Amino acid sequence: MKVFLMLFFIAIVVILTVGCCVTQPYYQIRSADAIPAADPLRLETHVRVLSTQFHPRSDPVLMQQTAEYIKKSLQETRARISEQEFEVDGEKFSNVIATFGPEDGERIIVGAHYDTVQGTPGADDNASGVAGILELARMLDQYQPVLPFRVDLVAFALEEPPYFRTDKMGSAIYAAQLAKDKVKVRAMIALEMIGYFSDQPNSQDFPAAILLRWFYPTQGNFIAVIGSLSDTALVRTIKGSMKGASSLPVYSINAPKRMKGIDFSDHLNFWNFGYPAVMITDTAFFRNKHYHKASDTAEKLDYQKMAQVVEGVYSALWAVAGDYKPINQ
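What you are looking at is a predicted structure, and each value in this text was computed from that prediction instead of being measured. (Residues numbered from 1 in each chain as written. Predicted model: local features only at pLDDT ≥ 70, side-chain atom pairs only at ≥ 80, totals over all residues. Heavy atoms only, no water.)

### Brief notes about the environment of asparagine 221
At step 1: Along the chain, asparagine 221 turns up in the loop between α6 (209–212) and β7 (223–228).
At step 2: Overall, the relative accessible area of 17% leaves asparagine 221 in the buried class.
At step 3: With 25 residues separating them in the primary sequence, asparagine 221 and tyrosine 196 have C-alpha atoms 8.3 Å apart.
At step 4: With near-sequence residues (within four places) excluded, asparagine 221 lies in contact with Phe197, Ser198, Asp199, Leu248, Pro249, Arg287 and Lys305. (Helix = DSSP H or I, 4+ residues; strand = E, 2+ residues; numbered from the N terminus. Buried < 20%, exposed > 50% of the residue type's maximum accessible area, 1.4 Å probe, protein only. Contact = heavy atoms within 4.5 Å.)

Structure below.
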């Protein structure tokens, strides 16, 4: 019995130690610059336009129209706008890029895919992420911060099946070009479904649920920062800065890439080329039961919380650049 109790105690200590490591940090950090407010109404407008006027965003013609909408929205800012055009299965597609800050040097990339699974309006997946990119561009333009690094905001094509995990993904083509050009990437942040929240008990599921329920809430009212085991420092920095930006709960995990859901977005392709990358997400199908369904519509999203996510990403740009102040708890 003593041996059993000792082994049980050791197991508990190991679980708690591992859990603390993968869910860190618990502190906050504050951007050295003031964090401007994101506009929930603008976010909602973008989501509604994308999920109704450009539906389904699996059709090549509608995808090109979507790219034009994104480009036009970005052109309302003083960003330098460019497109990376490519052809897949005889159809033309494009990644739309808005650049802020210096032309050369290291880059911080914030990306979101604008296509959908066939037959779905994709309000959360992933009009929410694209809306976040567009609002982030407005904030960078309006407040004109002095950026220590080049920031590229990128709307990617072809993240969804049948192209997912292939070299035909827009983000795979983009990351491959960065590698070919020997571009230094300080960090890539993928915005993948950032608009669905719930205060209902047991509204949050997990991979490896028996273990992770020890460390994460069962109410789906938080945003998550997801990274691989090699991106621990990046996840720690982004989580800390997002916690310091608003009252929205922020959780994180660093886990093996084989864990279900860890690599389910465009950051996967940056990992494949050796770049540091994370995903910011409402956890998709682990929370949103409308995932990849026709019911993924705009009225189900929480735009106030979405705005807090975008403010957190804005803050994270400075934290990743190393220009931040710790907050003592």
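Now that the structure has been shown, the text picks up again.
### Let's talk about the nonpolar core
At step 1: Core analysis: the biggest nonpolar cluster contains 70 residues, and Leu153, Ile238 and Ile280 have the highest contact counts within it.
At step 2: Broken down by element, the residue count for this core peaks at twelve residues, all from helix α9 (residues 303–321).
At step 3: Contacts of isoleucine 238, omitting those with residues within four sequence positions, involve Ile189, Val225, Val278, Ile280, Ala316 and Val320.
At step 4: Counting residues in hydrophobic clusters, the runner-up holds 26 residues, among them Ile109, Leu178, Ile226 and Phe270. (Core = buried A, V, L, I, M, F, W, Y, C linked by side-chain atoms within 4.5 Å.)

### Some points on the side chain of serine 246
At step 1: Looking at the secondary structure, you find serine 246 in the loop between α7 (232–245) and β8 (250–255).
At step 2: Among the polar contacts made by the side chain of serine 246, one reaches the main-chain amide nitrogen of leucine 248 at a distance of 3.2 Å.
At step 3: When residues no more than four places from it in sequence are discounted, the contact partners of serine 246 are Gln308 and Glu311. (Polar contact = N/O pair within 3.5 Å; in protein donor to acceptor, adjacent residues only side chain to side chain.)

### What about α9?
At step 1: The end-to-end C-alpha distance of α9, which contains 19 residues, comes to 27 Å, matching closely the 27 Å that a straight helix rising 1.5 Å per residue would cover.
At step 2: With respect to burial, α9 is a largely interior element, 16 of its 19 residues being buried.
At step 3: Between a side-chain oxygen at the N-terminus of α9 and the backbone nitrogen of glutamine 304 the separation is 3.2 Å; the capping residue is aspartate 302.
At step 4: Glycine 322 occupies a position one or two residues after α9 and carries a positive phi of about 90 degrees. (Expected span 1.5 Å × (residues − 1).)

### Digging into the packing of aromatic side chains
At step 1: Using the criterion set out here, one finds 14 aromatic pairs in the structure.
At step 2: For the ring pair tyrosine 174 and phenylalanine 270, a centre distance of 6.2 Å and an interplane angle of 50 degrees mean the geometry is tilted. Note that tyrosine 174 is positioned in helix α5 (residues 170–180) and phenylalanine 270 in helix α8 (residues 267–272), a separation of 96 residues in sequence.
At step 3: Given the relative accessible area of 4%, tyrosine 174 is considered buried.
At step 4: Ring pairing ties together the aromatic residues Phe164, Phe264, Phe285, Phe286 and Tyr291, which thus form one cluster.
At step 5: Across the ring face of phenylalanine 222, the terminal group of arginine 287 is positioned such that the distance to the ring centre comes to 4.7 Å. (Phe/Tyr/Trp six-rings, centres within 6.5 Å; stacked < 30°, edge-to-face > 60°. Lys NZ or Arg CZ within 6 Å of the ring centre and 35° of its normal.)

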